[in-house]
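Summary of structural features
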Amino acid sequence: EDTACRIAAGEVIERPVSIVKELVENSLDADADLVNIAITNGGIGAIEVVDNGCGISQEDTPLAFHRHATSKIISSADLENIRTLGFRGEALPSIASVAHLTIKTRVPTNHEGFQMVIQGGQVLHNGPVGCPVGTMISVKDIFFNTPARRKHLKSKTTEGGLIADFVYKMALIKPQTKFIFNHNGREVFRSPGSGKLHDVLASVYDVRAAKMMLPITGEEAGVKIDGYISKPELSRSTRQHMTVAVNGRLVHSSAVNTALEQAYRGKLTVGRYPVAVILIWLPFKQVDVNVHPAKMEIKMENEEQVMRLVISAASRALRETNL
Ligand code: ADP
Ligand code: MG
């Protein structure tokens, strides 16, 4: 089981940002509206995620570290109805199998919290602890028992940059949630948590850039999109600044990227790609999120319809600025 777990971990936990992603998704599934992320040395040193979500009960905490024990999928019909970001029940066991992990968690109905210390899958300690309602997970010595993977890591700067980019993107797609990000004890970023995407744009980029973003909306046959796209004068040299979420999940969608690029064809004056945040909502049963363990890849049944909608909404927003 230890080895199986470490192999499975390889698919989900590739680098520090994978750990941050899984922990942050859990915080959001727990309905946190404050997620505090602190890393040292690009996350290679340590990662800590603290949330004010629902917490985990004392009985359930050990279960959360057993593979698939918490899997939310009971039948294949459930696979078509995934509303939470997590559903495989393998992130926490995977992280705990390749690192040193401490969890402190408390549910609102309990006056004290529960703590576990796990090292390479072995529980070293568990018992009551004083802590606020919510969950704190800290992870260090990442890949201490899988040297090949450890060697595969890039520089602290690169790994830290991937984490920062992930936090910015999550803040953009979850404007209701306040994200705080610290690196080596210094605050790098804080989102307002006001619920307004435009406010988050101003905090991720700056006020001037936010003023150059155009709201877009569109709706057709059960598919809804909204978000912001940049005026053609604001652009970037990479696709990194096109942020796409489907049903509240941050995704990589080359289809949506292509659609956006098509709407800007011949319009961009400087860089090659627009800045954009596109939030897409479609019936849950039209999205397959179970394509890859990291859950960033998805399959949309009606991809072409979504592309057309993105092109028409973006084109409309761009036309209106010229009026
Ligand atoms: P999954 O998210 O796929 O269910 P995880 O291994 O990521 O699996 O988490 C296991 C379980 O632990 C979750 O289903 C959830 O019940 C609980 N859990 C994990 N993190 C948190 C958190 N921050 N707050 C509340 N519950 C959590
Ligand atoms: Mg999860």
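Residues numbered from 1 in each chain as written. Chains lettered and ligands numbered in written order. Predicted model: local features only at pLDDT ≥ 70, side-chain atom pairs only at ≥ 80, totals over all residues.

So, on to the overall build of the protein chain. Helices and strands together make up the secondary structure of the protein chain, namely 11 helices and 17 strands. Computed over the C-alpha atoms, the radius of gyration of the protein chain is 20 Å, within 12% of the 20 Å expected from 2.2 N^0.38 for a compact globule of 323 residues. Principal-axis analysis of the C-alpha atoms gives the protein chain an extent of 65 × 45 × 40 Å. The burial tally for the protein chain puts 41% of its 323 residues in the buried class. Counting contacts in the protein chain only where the partners sit at least 6 residues apart, residues at least 24 apart contribute 67% of the total. (Helix = DSSP H or I, 4+ residues; strand = E, 2+ residues; numbered from the N terminus. Rg over C-alpha atoms; globule rule 2.2 N^0.38 Å. Buried ≥ 20, exposed ≤ 12 C-beta atoms within 10 Å, placed from the backbone. Contact = placed C-beta atoms within 7 Å.)

Moving on, we get to helix α8 (residues 197-204). For α8, the full list of buried residues reads Leu 197, Val 200, Leu 201 and Val 204. Considered in projection along α8, the buried side chains sweep an arc of 105° and stay on one side of the axis. Residues of α8 that are buried sit in contact with α7 (156-173), α9 (207-211), β9 (213-220), β10 (223-230) and β15 (276-281). (Arc of directions from axis to C-beta.)

It is worth spelling out the packing of helix α10 (residues 254-264) against helix α11 (residues 303-321) at this point. Contact pair α10 / α11: the axes reach a minimum separation of 8 Å and the direction vectors enclose 30°. Between α10 and α11, the angle is such that the two are roughly parallel. The two elements α10 and α11 meet at a crossing, and its hand is right-handed. Residues Ala 255, Val 256, Ala 259, Leu 260, Gln 262 and Ala 263 of α10 touch α11, and the partners they reach there are Glu 303, Val 306, Met 307, Val 310, Ile 311, Ala 314, Ser 315 and Leu 318. Of the residues assigned to the contact of α10 with α11, the class counts are 11 nonpolar, two polar and one charged. (Axes fitted to C-alpha atoms, helices over the stretch in contact; angles between N-to-C directions. Parallel < 35°, antiparallel > 145°, perpendicular 65-115°, else oblique. Left-handed = near helix turned anticlockwise from the far one by under 90°. Nonpolar A, V, L, I, M, F, W, Y, C, P; charged D, E, K, R; others polar.)

Our next topic: the sheet that holds β9. Within a sheet, adjacent strands bond to each other through the backbone by hydrogen bonds, running parallel or antiparallel. Pairing is mixed across the open sheet formed by five strands, whose spatial order is β9-β10-β15-β12-β13. Each having just a single partner strand, β9 and β13 (249-251) make up the two edges of the open sheet. Each adjacent strand pair in this sheet contributes to an overall mean axis angle of 20°, direction not counted. Here β10 runs beside β15; their pairing, made up of six bridges, is antiparallel. Across the sheet, the residue bridging to Ile 229 is Ala 276, located in β15. Here α8 sits on the sheet and contacts β9, β10 and β15; the angle it forms with β10, its principal contact strand, is near 35°. (Pairing = 2+ DSSP bridges.)

Attention now moves to the nonpolar core. Among the nonpolar cores identified, the biggest contains 84 residues, and Val 20, Ile 37, Val 49, Ile 95, Val 167, Ile 278 and Val 310 are the most heavily contacted of them. Here this core takes eight residues from α7, the largest share from any one element. Two domains share this core, each providing at least three of its residues, namely domain 1 (2-190) and domain 2 (205-321). Those residues within four positions of Val 310 in sequence are excluded, and the remaining contacts are Ile 225, Val 256, Ala 259, Leu 260 and Ile 278. (Core = buried A, V, L, I, M, F, W, Y, C linked by C-beta atoms within 7 Å. Domains from an automatic or database assignment.)

This brings us to the site of ligand 1. With respect to spatial proximity, 21 residues lie near ligand 1, and among them Asn 26, Ala 30, Ala 64, Gly 86 and Ala 91 are the closest. When residues of the shell around ligand 1 are traced back to their parent elements, those giving at least two are α2 (16-29) and α5 (91-97). No other element matches α2, which puts four residues into the shell around ligand 1. Among the residues making up the shell around ligand 1, the classes are represented as seven nonpolar, eight polar and six charged. (Near = placed C-beta within 6 Å.)

Now for the pairing of β9. Note that β9 and β10 share eight bridges and pair antiparallel. Bridge pairing links Ile 216 to Gly 227 in β10. Count of turn residues in the β9/β10 antiparallel hairpin: two residues, of which Ala 221 carries a positive phi of about 45°.

Attention now goes to unusual backbone geometry. Despite not being glycine, Phe 143 shows a phi value in the positive range, around 65°. The backbone phi angle of Asn 247 is positive, close to 50°, even though this residue is not glycine. By the secondary structure assignment, Asn 247 is in the loop between β12 (242-246) and β13.

Interfaces are often sized by the accessible area lost when the parts come together. The domain architecture assigned to the protein chain consists of domain 1 (2-190) and domain 2 (205-321). Averaged C-alpha coordinates put domain 1 and domain 2 at centres separated by 28 Å. Facing the 14 residues of domain 1 at the interface are 14 residues of domain 2. Of all elements in the fold, only α1 (2-12) and α7 reach the threshold of two or more residues within the side of domain 1 that touches domain 2. In terms of residue count, the dominant contributor to the side of domain 1 that touches domain 2 is α7 (five residues). In terms of residue class, the side of domain 1 that touches domain 2 is built from seven nonpolar, two polar and five charged.

Attention now moves to the sheet that holds strand β3 (residues 100-106). With mixed pairing, the eight strands of this open sheet are ordered in space as β5-β4-β3-β6-β2-β1-β7-β8. Strands at the two margins of the open sheet, each flanked by one partner only, are β5 (122-129) and β8 (186-190). Sheet twist, expressed as the mean angle between neighbouring strand axes with direction ignored, is 10°. Looking at chain direction, β3 and strand β4 (residues 113-119) are connected through six bridges and run antiparallel. Note on β4: the bridge partner recorded for Ile 103 is Met 116. Against the sheet, α2 engages β1 (34-40), β2 (46-51) and β6 (134-140), with an angle of about 10° to β2. Taken strand by strand, α7 contacts β1, β7 (178-183) and β8, and its axis lies near 170° from that of β7.

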